[in-house]
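# Descriptive analysis of the structure
Listed here are the chains, written in short residue letters.
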Amino acid sequence: MRIVIAEDDPLLREGLALLLRAEGLDVVATAGTPDEALAAVDEHKPDVAILDVRMPPTHTDEGIVAAVEARRRQPGLAVLVLSAYVEQSFATELLTGGVSGLGYLLKERVGRVEEFLDALRRVTDGGTAIDPEVVAQLFTRSRQDTRLDRLSPRERDVLALMAEGLGNTAVAERLVVTEGAVHKHIRSIFAKLDLSPTDRLDRRVAAVLRYLEDPRRTA
């Protein structure tokens, strides 16, 4: 696994690099600005880029912009975005282009090394990793779409785990149910959210986006 890290805090940047190298992973470059990050991606062609959301010069959405541009330059590049806070619009913006190889974690998750490494590997393998705290906070704000009210408590549990990026087997293990039960719940979720099998957007992606969206943009 070849990794580029983009983080403007030098202590966090080097600490993260040391952590990953201690795990036997290949950190090919570190960067302190979006431009440096994109140059590193162009030069090293990494498997995954880890980027902070807020970077110079304005410390707003430079990391997200860089992530989108990096994936444009290197299709298939896995991206794991780190944020100190739940940035609702940034989370949904990342997912609107599809969820393959994308992750969004709070920085505090880095200290939980096994969880962080699991998320990094999942993203690099083409999966999704959305921080459970991000999911929880976004869901409490996502009340505008009344179709979500159609879901049973168990279906909400299943959809929440789907939003974290877990596959059906992992969802079944987490909820201590059979995979068959998970399949049944997911079919019901698709039906209740009016997601047709003929939709151009993958229904699993659409269901997660509907879960995370907040049209009112509440603070």
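Predicted, not measured: the structure shown is a model, and the values here were computed from it. (Residues numbered from 1 in each chain as written. Predicted model: local features only at pLDDT ≥ 70, side-chain atom pairs only at ≥ 80, totals over all residues. Heavy atoms only, no water.)

## Observations regarding helix α9 (residues 179–192)
Under the convention used in this document: A run of DSSP states H or I qualifies as a helix once it reaches four residues; a run of E qualifies as a strand once it reaches two. Both are numbered from the N-terminal end. The span expected for a helix works out to 1.5 Å for each residue beyond the first.
With 14 residues, α9 extends 20 Å between its outermost C-alpha atoms, agreeing within 8% with the 20 Å of an ideal straight helix rising 1.5 Å per residue. Phi for Asp194, located one or two positions after α9, is positive at around 60°.

## Quick look at the packing of helix α8 (residues 168–175) against α9
Inclusion rule: Convention adopted: a line fitted to C-alpha atoms gives each axis, helices being fitted over their contacting stretch, and angles between N-to-C directions are expressed from 0 to 180 degrees. In these notes the angle categories are as follows: under 35 degrees is roughly parallel, over 145 is roughly antiparallel, 65 to 115 is roughly perpendicular, and the rest is oblique. The contact criterion used is simple: two residues touch if any of their non-hydrogen atoms lie within 4.5 Å. In this count, Pro and Cys sit with the nonpolar residues alongside Ala, Val, Leu, Ile, Met, Phe, Trp and Tyr, while Asp, Glu, Lys and Arg are called charged and the others, Gly among them, polar.
Contact geometry of α8 with α9 gives a least axis separation of 9 Å together with a crossing angle of 110°. In terms of orientation, α8 and α9 fall into the roughly perpendicular class. Mapping the contact onto sequence places Asn168, Thr169, Val171 and Ala172 in α8 and Glu179, Val182, His183 and Ile186 in α9. Looking at the contact of α8 with α9 residue by residue, the class counts come to four nonpolar, three polar and one charged.

## What to know about the layout of surface pockets
Quick reminder of the rule: Here a cavity denotes a set of grid points, spaced 1 Å apart and computed over the protein atoms alone, in which a 1.4 Å probe fits but from which it cannot get out, and a pocket denotes an open set meeting protein on both sides within 12 Å along at least five of seven lines; residues with an atom within 4 Å of a point are reported as lining. Grid points are joined across faces, edges and corners, and a volume is the space filled by probe spheres set on the points.
In this structure, the largest pocket spans a volume of roughly 190 Å³. Taken together, Leu105, Arg109, Glu115, Asp118, Ala119, Arg122, Ala129, Ile130, Pro132, Glu164, Leu166 and Arg174 make up the lining of the largest pocket. Counting only elements with at least two residues in the lining of the largest pocket, the list comes to α5 (113–124) and β6 (128–130). Looking at the lining of the largest pocket element by element, the count peaks at four residues for α5.

## Section: the sheet that holds strand β1 (residues 2–6)
Definition in use: A pair of strands is treated as paired once DSSP finds two or more bridges between them.
Taken in spatial order, the six strands of this open sheet run β2-β1-β3-β4-β5-β6, and their pairing is parallel. Of all strands in the sheet, those bounded by a partner on one side alone are β2 (26–31) and β6. Ignoring which end each strand starts from, the neighbouring axes of this sheet average 20° apart. The sheet contact formed by strand β4 (residues 78–83) and strand β5 (residues 102–106) spans five bridges and is parallel.

## Structural notes on the pattern of salt bridges
What counts, and what does not: Definition used for salt bridges: Asp or Glu carboxyl oxygen within 4 Å of a side-chain nitrogen of Lys or Arg. Partly exposed residues are those whose accessible area sits between 20% and 50% of the maximum for their type, while under 20% is buried and over 50% is exposed, using a 1.4 Å probe and protein chains only.
This structure, assessed with the given rule, holds 13 salt bridges. Glu69 is the partner of Arg73 in a salt bridge, and the nearest nitrogen-oxygen pair spans 2.8 Å. Within this pair, Arg73 and its partner Glu69 are both found in helix α3 (residues 62–73), separated by four residues, close to a single helical turn. Overall, the relative accessible area of 36% leaves Arg73 in the partly exposed class. One salt-bridge network, in which partners are shared between bridges, spans Asp42, Glu69, Arg72 and Arg73.

## Here's the deal with the nonpolar core
Under the convention used in this document: What we call a nonpolar core is a set of buried Ala, Val, Leu, Ile, Met, Phe, Trp, Tyr and Cys residues that are connected through their side-chain atoms within 4.5 Å.
Within the largest apolar cluster, 20 residues are counted, with the highest numbers of intra-cluster contacts made by Leu20, Ile50 and Phe116. At five residues, α5 tops the list of elements feeding residues into this core. In contact with Leu20, not counting residues within four places along its chain, are Ile3, Ile5, Leu25, Val27, Ile50, Phe116, Leu117 and Leu120.

## What to know about the packing of helix α7 (residues 153–164) against α8
To keep it simple, the criterion reads: A clockwise turn of the near helix away from the far one marks a right-handed crossing, whereas an anticlockwise turn of less than a right angle marks a left-handed crossing.
Contact geometry of α7 with α8 gives a least axis separation of 10 Å together with a crossing angle of 130°. As judged from the angle between their axes, α7 and α8 are oblique. Crossing of α7 against α8: the hand is right-handed. Contacts from Arg154, Asp157, Val158, Leu161, Met162 and Glu164 of α7 reach α8 at Val171, Arg174 and Leu175. In terms of residue class, the contact of α7 with α8 is made up of five nonpolar, no polar and four charged.

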